[in-house]
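Residue-level listing of the chains:
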Amino acid sequence: GFAPSARRHSARYLQRALGHAPTLAERYRHLHTFASTVLDRVYFVRGALHEFDLQVSGTDLIDATLAEGRGAFLLGAHIGSFEALHAAGESRPGMRVAMVMYPDNARLIHGVLQSVAPQFKLGIIPIGRPGSTLAVRDWLDDGGLAGLLGDRFLPGDPARTRSVALPFLGAMARFSDGPLRLAQLLRRRVIFMVGLYRGGRRYDVRFEALADFRERVDDAALRERLVQQALQAYVAQLEALVHEAPYNWFNFHDFWKD
């Protein structure tokens, strides 16, 4: 079962996303969608891809990025299934993704996935410790893709990372510009990623260009403006997805600080 607080936050979110007080059926559908993706995760990490109908778009962008050999950031959110994205990557030769996350989260997630698929290895680059940025840079330099989820506010180096309030589904919510600042610091492109659950065994996996920080920019004010434009584009992308697939939103906490 779901914690009462998660059910409450789900109902509040649905009110914003659907534009009306959610019915019991709508509330159930939200939790059921989440539970379905959690269950499917087991099959994905065990490599049972033949059981799924994966529609993948934007692979030309991924292929061009891999051919370039400089790596890139994949920026996602707690929407849909990250494992579906991972599974889509299995069919692309040379596509290696490591998730950039805090060590505690990494241990938790890895422990759960390995309990169902002992041979499964999720590439993880721990952040929040000395040398983290260099580890990310080395992974990218080797042609790897670095995955980040940008819809949770991460405490970071306050001089480098800020939380920015932006309108989202009709009210202000806080987003971290840290992932984009990291991409700018390391001069890489940023690709938006999402794996939407479409019911049954169907997933819609998408990769879309979000920002390109590969060119060196010396003007500090322009650098700042480019980061903020990219963050606004990211939030607009999230909002569009939520309207398209409202039951795929898996932030079951007080996102708007109600």
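To start, this report covers the structure provided alongside it. Only a predicted model underlies this, so the values are computations on that prediction, with no experimental measurement involved.

## Some points on helix α1 (residues 4-18)
For α1, with 15 residues, the first-to-last C-alpha span of 21 Å sits near the 21 Å given by 1.5 Å per residue. Inspection of α1 places Ala6, His9, Ser10, Ala11, Tyr13, Leu14 and Ala17 among the buried residues, and these make up the whole buried set. Summarising the contacts, the buried residues of α1 are in contact with α2 (24-45) and α8 (220-244).

## Examining the environment of leucine 182
With respect to the helices, strands and loops of the structure, leucine 182 is situated in helix α7 (residues 178-185). For the pair leucine 182 and arginine 137, spaced 45 residues apart in sequence, the C-alpha to C-alpha distance is 9.6 Å. Leucine 182 has contacts with Phe73, Thr133 and Val136, leaving out every residue within four places of it along the chain.

## Let's talk about the nonpolar core
In terms of nonpolar packing, the biggest core is built from 45 residues, with Phe73, Phe168, Phe175 and Tyr234 touching the most fellow members. Among the elements that make up this core, the one with the highest residue count is α8 (eight residues). In this structure, tyrosine 234 is in contact with Leu75, Gly76, Ala77, Gly150, Asp151, Phe175, Phe192 and Leu210, ignoring residues within four places of it in sequence. The next biggest cluster of nonpolar side chains, apart from the first, holds 29 residues, and it includes Phe52, Ile62, Ala117 and Tyr197.

## Structural notes on the pattern of salt bridges
Where charged atoms of side chains with opposite charge meet at close range, the side chains can pair. For the structure on display, the rule yields 20 salt bridges. A salt bridge links glutamate 51 to arginine 201, with the shortest nitrogen-to-oxygen separation between them at 2.9 Å. Separated by 150 residues along the polypeptide, glutamate 51 in the loop between α2 and β1 (53-57) and arginine 201 in the loop between β8 (189-197) and β9 (202-212) bring together distant segments of the chain. Relative accessible area serves as the criterion here: at 28%, arginine 201 is assigned to the partly exposed category. Among the ionic pairs, arginine 214 bridges to aspartate 212, the shortest N-O distance being 2.7 Å. Note on aspartate 212: relative accessible area 45%, which makes it partly exposed. Residues joined by salt bridges that share partners form a network here, namely Arg137, Asp138, Asp141 and Arg188.

## Considerations on α7
Within α7, seven of the eight residues are buried, leaving the element largely enclosed by the surrounding structure. Residues of α7 that are buried include every one of Gly178, Pro179, Leu180, Arg181, Leu182, Ala183 and Gln184, and no others. A positive phi of about 55 degrees marks arginine 187, the residue just after α7.

## So, the packing of α1 against α2
At their nearest, the axes of α1 and α2 sit 10 Å apart, and the two run at 110 degrees to each other. One element, α1, and the other, α2, form an angle in the roughly perpendicular class. By crossing handedness, the relation of α1 to α2 is classed as right-handed. Where α1 approaches α2, its residues Arg7, Ser10, Ala11, Tyr13, Leu14 and Leu18 are matched on the opposing element by Glu26, Arg27, His30 and Leu31. Split into classes, the residues belonging to the contact of α1 with α2 amount to five nonpolar, two polar and three charged.

Cut-offs and rules
- Residues numbered from 1 in each chain as written.
- Predicted model: local features only at pLDDT ≥ 70, side-chain atom pairs only at ≥ 80, totals over all residues.
- Heavy atoms only, no water.
- Helix = DSSP H or I, 4+ residues; strand = E, 2+ residues; numbered from the N terminus.
- Expected span 1.5 Å × (residues − 1).
- Buried < 20%, exposed > 50% of the residue type's maximum accessible area, 1.4 Å probe, protein only.
- Contact = heavy atoms within 4.5 Å.
- Core = buried A, V, L, I, M, F, W, Y, C linked by side-chain atoms within 4.5 Å.
- Salt bridge = Lys/Arg side-chain N within 4 Å of Asp/Glu carboxyl O.
- Axes fitted to C-alpha atoms, helices over the stretch in contact; angles between N-to-C directions.
- Parallel < 35°, antiparallel > 145°, perpendicular 65-115°, else oblique.
- Left-handed = near helix turned anticlockwise from the far one by under 90°.
- Nonpolar A, V, L, I, M, F, W, Y, C, P; charged D, E, K, R; others polar.

Any functional reading would require information that these geometric values do not contain.
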